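# Analysis of the macromolecular model
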Amino acid sequence: MKKYIVGLLVVLLAGVLVACGDDKKEEGEGKSTEQAVEITEDEKVDNEKVVATVNGEDIVGKTYNLVYSQLKLHAGAFDQDMDIDEIKKATMESLIDRQLLFQQAKEEGIEITDEVVNSEFETIKTENSEALDTLLEQYQITEDGFKDQLKFELTLNEYLAKTIEVSVTDEELEERYEKAKEGNDSIPEFDEIKDQLKKQLLQQKTDEELQAKIDKAKEKSEIEEKI
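Residues numbered from 1 in each chain as written. Predicted model: local features only at pLDDT ≥ 70, side-chain atom pairs only at ≥ 80, totals over all residues. Heavy atoms only, no water.

The subject of this paragraph is the overall build of the chain. Within the chain, the secondary structure is distributed over eight helices and three strands. Start at the N end of the chain and walk to the C end: the helices and strands fall as α-β-β-α-α-α-α-α-α-α-β. Counting the 227 residues in the chain, one finds 39% classified as buried. The contacts of the chain with a sequence gap of at least 6 include a subset with a gap of at least 24, amounting to 76%. Per element, the accessible surface of the chain, about 13,800 Å² overall, is 43% carbon and sulfur. (Helix = DSSP H or I, 4+ residues; strand = E, 2+ residues; numbered from the N terminus. Buried < 20%, exposed > 50% of the residue type's maximum accessible area, 1.4 Å probe, protein only. Contact = heavy atoms within 4.5 Å. Areas by Shrake-Rupley, 256 points an atom, 1.4 Å probe, with all protein chains shown as cover.)

Averaged over all residues, the pLDDT of the chain equals 84, while 81% of them reach at least 70. The model gives residues 27-34 a pLDDT under 50, and that stretch makes seven contacts with residues more than four places away or in other chains. (pLDDT = per-residue confidence, 0-100.)

Okay, the packing of aromatic side chains next. Evaluation of the coordinates by the stated rule reveals four aromatic pairs. When the ring of Y177 is compared with that of F190, the centres are 5.4 Å apart and the planes differ by 75°; the resulting orientation is edge-to-face. Here the residue Y177 occupies a position in helix α7 (residues 170-181), and F190 occupies one in helix α8 (residues 190-219), the gap between them amounting to 13 residues. Given a relative accessible area of 6%, Y177 falls into the buried group. When the ring centre of F121 is taken as origin, the NZ or CZ atom of K147, which lies over that ring, is 5.0 Å away. (Phe/Tyr/Trp six-rings, centres within 6.5 Å; stacked < 30°, edge-to-face > 60°. Lys NZ or Arg CZ within 6 Å of the ring centre and 35° of its normal.)

Attention shifts here to a negative patch on the surface. Among the surface-exposed residues, E171, E174, E178 and E182 lie close enough to one another that they form a single negatively charged patch. Along the chain, E178 falls in helix α7. On the accessibility criterion, E178 (44% relative accessible area) is partly exposed. (Patch = residues over 30% accessible without salt bridge, like charges linked within 9 Å, V, L, I, M, F, W, Y side chains within 5 Å. Salt bridge = Lys/Arg side-chain N within 4 Å of Asp/Glu carboxyl O. Lys, Arg positive; Asp, Glu negative; His and termini not counted. Charge placed at Lys NZ, Arg CZ, Asp CG, Glu CD.)

To continue, consider the pairing of strand β1 (residues 50-54). Across the five residues that make up β1, a large majority, four, are buried. As judged from the four bridges shared by β1 and strand β2 (residues 57-60), these two strands associate in the antiparallel manner. Bridging from a neighbouring strand, T53 pairs with D58 of β2. Taking the residues that link successive antiparallel strands as the turn, the β1-β2 hairpin has two residues, and the phi of N55 there is positive, at about 55°. Alignment of β1 against strand β3 (residues 223-225), held across three bridges, turns out to be antiparallel. Across the sheet, residue A52 finds its bridge partner in β3, namely E225. (Pairing = 2+ DSSP bridges.)

Two quantities define a packed helix pair, namely the angle between the axes and the distance from one axis to the other. Where helix α6 (residues 143-163) contacts α8, the axes come no closer than 11 Å and their chain directions differ by 95°. The angle between α6 and α8 places the two elements in the roughly perpendicular class. Along its contact with α6, which presents L156, Y159, L160 and T163, the element α8 presents T206, L210 and K213. Of the residues contributing to the contact of α6 with α8, the split by class is four nonpolar, two polar and one charged. (Axes fitted to C-alpha atoms, helices over the stretch in contact; angles between N-to-C directions. Parallel < 35°, antiparallel > 145°, perpendicular 65-115°, else oblique. Nonpolar A, V, L, I, M, F, W, Y, C, P; charged D, E, K, R; others polar.)

Over its 30 residues, α8 extends 41 Å from the first C-alpha to the last, a length consistent with the 44 Å expected when each residue adds 1.5 Å. A maximum bend of about 30° is found in α8 at Q196. Every buried residue of α8 is accounted for by F190, I193, L197, L201, T206, L210, Q211, I214 and A217. Elements in contact with the buried residues of α8: α3 (84-107), α6 and α7. (Expected span 1.5 Å × (residues − 1). Bend = angle between axes of the 7 residues up to and from the residue.)

Turning our attention to unusual backbone geometry. Here N55, not a glycine, exhibits a phi torsion of approximately 55°, which is positive. Within the secondary structure, N55 sits in the loop between β1 and β2. Among the residues examined, N55 registers a relative accessible area of 35% and is labelled partly exposed.

The structure is reproduced here in structure tokens:
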């Protein structure tokens, strides 16, 4: 089970938008075949329970439940075998990394206000009301929970823009293409997918740089898991 620093709600929302679009194209043929993954009450933690502290800052059950549900739903959406203990472990790791990122962002002078979050949320709600309602219901997320994750994702985006700069050479792209080409005779010509490969490689390098920064911060941090 892979842990995620990057929030998954944007990915989930994009998926719901696609599903809604497919439903409209297939009028009379039924709804999307995607099934919601159930999050039972036994899997949840009391919203106010402290699940971990990072450099003296508490992480509570409300946030744990939000991240846990995203990881479990993501695993289910990709038909991964879901080991609950593994998902719990990945959730705790992601929560700690998430809190460290907030702290690192604050040191860089990055703090997203509630006003900005509320404004962004209203934009999403206005432009994609049906998809948002579907996501909140299907994935058992409250509007407040969505706003919490939205705040994190806005913080993350600003942090990435301010602190991480990566580039990709033509040689790296050609090497990636040759690896992708191995055993795949149907792969398009290099020029056709060059931009896609570049986007993927830039994202991979960005993720690696981000994780390296978080891991470095973790080395000098005081972290205590409570559950």
